[in-house]
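Here's the letter readout for the chains.
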Amino acid sequence: MGKVKILAEDIVTLISAGEVIENPSSIVKELIENSLDAGADMIDIAINEGGIRSIAISDNGSGILREDCSICLQRHSTSKISTREDIDQISTYGFRGEALASIAAVADIRIITQTEEEVTGSQIIARFGEIPKVTETSRPQGTTVEVTDLFKNIPARRKHLSDARVESQRIQEVVMKQAAILPEIGFRLKRDGNTIIDCPPNQVAGDRIASLWGIDIARSLVDVDYSYGNIRITGFVARPPVSRGNRSREYFSILKRPITDERLSRALETAYSTTLMKGQYPICALDISMELSKVDVNVHPTKREVRILDIERVGDAVKVAVRRAFGVTDIIEETSMQSSLDETTDIERKIKSGETSEVESQFHHKGQITAAPLIEQSLLMPSGDDDDGGEVDFLGGVFKILGQMHNLYILLESEEGLLIVDQHAAHERVLYEQLRTEVTQGRVAVQELLQPFILSLSPKDAEQIVELSETLENIGFTITSFGGNEVSISTLPEILGRVASETELLTLVDRILDLGHTEAADTFMDNLVKVTACHSAVRSGQSLNTDEIRDIIIELSTTKSKFNCCHGRPSMIRIRKEDIDRSVGRMGADAISRYKARHGLK
Ligand code: ADP
Ligand code: MG
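Residues numbered from 1 in each chain as written. Chains lettered and ligands numbered in written order. Predicted model: local features only at pLDDT ≥ 70, side-chain atom pairs only at ≥ 80, totals over all residues. Heavy atoms only, no water.

Structural notes on helix α15 (residues 423-440)
Definition in use: Where helices and strands are cited, they refer to DSSP runs of H or I of at least four residues and of E of at least two residues respectively, numbered from the N terminus. How far a helix is expected to stretch is found by multiplying one less than its residue total by 1.5 Å. Relative accessibility under 20% of the residue-type maximum defines a buried residue, over 50% an exposed one, and the middle range a partly exposed one, all with a 1.4 Å probe and only protein chains included.
Between the first and last C-alpha of α15 there are 26 Å, a value that for 18 residues agrees with the 26 Å anticipated at 1.5 Å per step. In terms of burial, α15 is a largely internal element, 14 of the 18 residues being buried. Backbone geometry just downstream of α15 places G442 in the positive-phi region, at approximately 65°.

So, the pairing of strand β10 (residues 194-199)
In summary, the side chains of a regular strand alternate between the two faces of the sheet. So the rule is basically this: Here, a strand pair is defined by DSSP locating no fewer than two bridges between the strands.
Summarising the sheet, strand β9 (residues 186-191) and β10 pair through five bridges and their orientation is antiparallel. Within β10, the position partnered with R191 by the bridge is N194. With antiparallel pairing between neighbouring strands as the criterion, β9 and β10 make up a hairpin whose turn holds two residues, including D192 at a positive phi of roughly 45°.

Quick notes on the site of ligand 1
Spelled out, the test is: Summary of the distance rule: residues count as near a molecule or strand when at least one heavy atom falls within 4 Å of that molecule or strand. Polar contacts, as used here, are pairs of N or O atoms within 3.5 Å; protein pairs need one atom able to donate a hydrogen and one able to accept it. Residues neighboring in sequence count only if both atoms are side-chain atoms. Areas reported as accessible are Shrake-Rupley estimates using a 1.4 Å probe. Residue values count occlusion only from the protein chains shown. Under the scheme applied here, ten amino acids are nonpolar (Ala, Val, Leu, Ile, Met, Phe, Trp, Tyr, Cys and Pro), four are charged (Asp, Glu, Lys and Arg), and all others, including Gly, are polar.
Inspection of the region around ligand 1 gives 20 residues, with N34, T78, S79, K80 and G97 positioned closest. In this structure, N34 approaches ligand 1 through a side-chain N or O atom, which is 2.8 Å from an oxygen atom. Measuring from an oxygen atom of ligand 1, one finds a side-chain N or O atom of T78 at 2.5 Å. Isolated, ligand 1 exposes 530 Å² of accessible area, and the fraction of that covered by the protein chains is 95%. Elements with a contribution of two residues or more to the shell around ligand 1: β4 (77-78) and α5 (99-104). Residue classes in the shell around ligand 1 are distributed as seven nonpolar, nine polar and four charged.

Side note on the pairing of strand β21 (residues 417-422)
When you tally the buried positions in β21, you get five out of six residues, the bulk of the element. As judged from the five bridges shared by strand β20 (residues 409-413) and β21, these two strands associate in the antiparallel manner. Its bridge partner being in β21, E413 is matched across the sheet by L418. Remark: three residues form the turn of the hairpin made by β20 and β21, two consecutive strands paired antiparallel. By the bridge criterion, five bridges tie β21 to strand β25 (residues 572-576) in an arrangement that is antiparallel. Its bridge partner being in β25, V421 is matched across the sheet by M572.

Some thoughts on the layout of surface pockets
Note the cut-off: Cavity and pocket criteria rest on a 1 Å grid covering protein atoms alone: a 1.4 Å probe that fits but cannot get out defines a cavity, protein on both sides within 12 Å along at least 5 of 7 lines defines an open pocket, and an atom within 4 Å of a point defines a lining residue. Grid points are joined across faces, edges and corners, and a volume is the space filled by probe spheres set on the points.
By volume, the second largest pocket amounts to about 970 Å³. Along its surface, the second largest pocket is lined by 39 residues, and R170, E173, V174, K177 and T260 are the ones closest to its centre. Only α2 (24-37), α7 (164-181), β13 (250-254), β14 (257-259), α10 (262-272), α16 (459-467) and α19 (502-514) provide two or more residues apiece to the lining of the second largest pocket. The element contributing the most residues to the lining of the second largest pocket is α7, with eight residues. By residue class, the composition of the lining of the second largest pocket is eight nonpolar, 14 polar and 17 charged.

Let's talk about the environment of Y226
Threshold: In this description, contact between two residues means that some pair of their heavy atoms is separated by no more than 4.5 Å.
Following the sequence through the fold, Y226 ends up in strand β11 (residues 221-228). Residue Y226 is classed as buried on the basis of its relative accessible area of 13%. With near-sequence residues (within four places) excluded, Y226 lies in contact with I231, R232, I233, A317, V320, A321 and R324.

Here we look at empty space enclosed by the protein
Per the stated rule, a full pass over the model turns up four cavities of 30 Å³ or more. By volume, the largest cavity amounts to about 140 Å³. Lining the largest cavity are 15 residues, with I217, S243, L457, L506 and D510 positioned closest to its centre. Broken down by element, the residue count for the lining of the largest cavity peaks at four residues, all from α19. Grouping the constituent residues of the lining of the largest cavity by class yields six nonpolar, five polar and four charged.

Brief notes about the packing of α7 against α16
Applicable threshold: Comment: axis = line fitted to C-alpha atoms, over the contacting stretch for helices; angle = value between 0 and 180 degrees taken between N-to-C directions. When describing relative orientation, an angle under 35 degrees is termed roughly parallel and one over 145 degrees roughly antiparallel, while 65 to 115 degrees is termed roughly perpendicular and anything else oblique. For a crossing to be left-handed, the near helix must be turned anticlockwise from the far one by less than a right angle; the clockwise case is right-handed.
At their nearest, the axes of α7 and α16 sit 10 Å apart, and the two run at 155° to each other. Relative to α16, the element α7 is oriented roughly antiparallel. Crossing of α7 over α16 shows left-handed handedness. Residue-level contacts link R165, Q169, Q172 and E173 of α7 to P459, K460, E463, Q464 and E467 of α16. Residues belonging to the contact of α7 with α16 are distributed by class as follows: one nonpolar, three polar and five charged.

Things to note about the pattern of salt bridges
The condition is simple: Within this document, salt bridges are pairs made up of a side-chain nitrogen of Lys or Arg and a carboxyl oxygen of Asp or Glu, the two lying within 4 Å of each other.
For the structure shown, the criterion picks out 37 salt bridges. With a shortest N-O distance of 2.7 Å, D225 and R232 are connected by a salt bridge. Between D310 and R313 there is a salt bridge, with the nearest N and O atoms lying 3.3 Å from each other. What makes R313 partly exposed here is its relative accessible area of 35%. In this structure, a network of salt bridges that share partners links the residues R247, E250, E262, R266 and E269.

Examining the side chain of Q423
Here Q423 is to be found in helix α15. Q423 sits in the buried class, given a relative accessible area of 0%. Separated by 2.7 Å, the side chains of Q423 and Q404 make a polar contact.

Next comes the structure, spelled out in structure tokens:
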């Protein structure tokens with residue numbers, strides 16, 4: 001007896017409806033899910049021209065019985081659920097019986113399949129708009145589904161597809177996400193004849209991630225395994241500073257289903273707290289297991305989102321799981337960092353709610369709220385050995401170098417008061433203007449590396465960065481493919497050469513790839529110069545001696561836009577002595593002489 005049935009009308013109405021096929025990657029996702037539901041442990045995917053020309057997925061799963069062949073392409077035909085109750089406990093990826101029907105509605109399909117119980121296999125050919133034909137054929141047990149000429153007869157939708165490269169990358173992401181969660185299943189992806197993902201079945205989880213994300217990220221990964229009541233979080237997180245410039249490596253899955261969920265991302269990012277630079281995002285592959293009945297997968301037609309009862313608790317579990325994975329020391333570091341942050345926000349809150357004196361709110365209006373309270377807390381920590389600290393000419397005056405605060409701000413004293421300079425923003429501005437000029441004049445100072453950096457990236461990133469190599473050459477990078485996922489970097493812009501490390505370059509590559517080089521060439525180049533300057537500049541948290549401070553200030557004084565960093569944020573603030581005097585109730589020289597007179601002091 002056949003296994004596939006058409007769902008009853010009343011059940012169909014309970015299923016979230018909507019378009020399943022948005023682009024080639026949605027087809028790949030649906031077909032992979034079908035193979036997994038069929039119990040396959042090896043899934044081979046081959047795509048051509050971004051999957052628009054063709055997609056072929058072969059598995060070694062159960063196969064489809066001959067009598068099911070003619071109905072499995074119909075809408076709402078499924079072997080996976082049949083009753084209302086089934087919908088509350090969906091343990092398979094598929095359940096809507098719509099994928100094959102939706103694909104057949106927008107492309108040509110050929111399925112070749114063989115079950116264990118039948119002697120001959122079946123071939124189904126469904127041409128766009130025609131009744132499917134089923135014939136005999138043979139193959140080893142399993143199923144191959146070929147989809148060709150997507151949206152051939154729907155030009156309006158075909159027009160909305162991106163170019164083959166972008167569609168290929170989407171497919172690659174889909175395969176990578178699924179492969180990351182299921183190390184026991186083998187995945188192979190061929191793109192236009194070249195194998196770009198090759199993961200054998202039954203891999204150890206760590207090896208699987210390494211083959212997908214590259215060895216460098218894999219080296220920084222920490223195991224996560226944490227239970228919180230019935231919720232268990234398992235997988236990996238990357239130890240900072242290894243990170244990405246966007247959320248694309250935040251892999252979450254629930255009950256081994258890849259999902260994206262803003263709240264989980266936020267919980268994860270909170271766990272990292274201040275350990276990542278601004279604009280950097282964590283890298284993780286975390287699976288959440290919990291009772292099936294607390295998860296509703298029937299909320300989004302493409303199953304990209306699921307509804308989780310108790311999402312708050314799951315978010316908390318993610319947070320604790322990640323913090324624990326980083327170990328006790330990280331927790332202490334983190335909480336102390338967090339509490340110092342909290343103090344600032346507390347002050348900010350007071351100011352906002354009017355609990356502070358007028359003077360403090362004046363500071364607030366001038367955007368100086370953190371400066372004043374922090375000084376009150378005597379958190380000034382001048383660095384450098386000598387007492388007088390040295391002097392520097394700047395902005396038409398002479399400033400005494402007091403030192404640094406929190407290894408973050410340079411403190412300069414003048415007659416007028418205090419100048420607080422953001423060390424990173426200032427240095428970044430210097431390097432940006434320098435490199436910008438060098439690029440415009442076509443004479444970028446380049447540093448040849450005796451030993452090139454070899455970076456292992458994900459296959460997708462490796463390909464993309466090599467594609468950009470010609471443009472990158474203009475700013476001093478020589479990047480070539482080193483075979484497989486590896487690229488070699490043999491020259492760097494000189495300003496970067498001074499500080500470059502492997503980790504640094506990996507982050508830089510990420511940021512470059514995030515720039516999206518589809519924008520105008522000169523904007524791209526300007527952004528490239530910005531990220532390069534940013535990576536070459538002294539960091540927040542780096543301690544500087546007086547000479548280094550002086551050098552930065554002298555260089556800054558020669559720049560055109562010294563008051564802003566290259567992203568437009570202010571790079572310095574001024575606090576007038578008068579304002580400090582007033583805020584502590586000191587009325588200046590007159591007040592002192594009145595006081596002395598009253599008390600008969602000289
Ligand atoms: P669903 O997965 O929601 O059941 P689909 O349209 O994706 O709906 O598939 C319809 C049916 O075809 C499935 O229920 C399954 O019985 C059968 N099928 C599809 N792909 C495969 C496969 N690769 N191996 C075995 N059976 C398959
Ligand atoms: Mg399906």
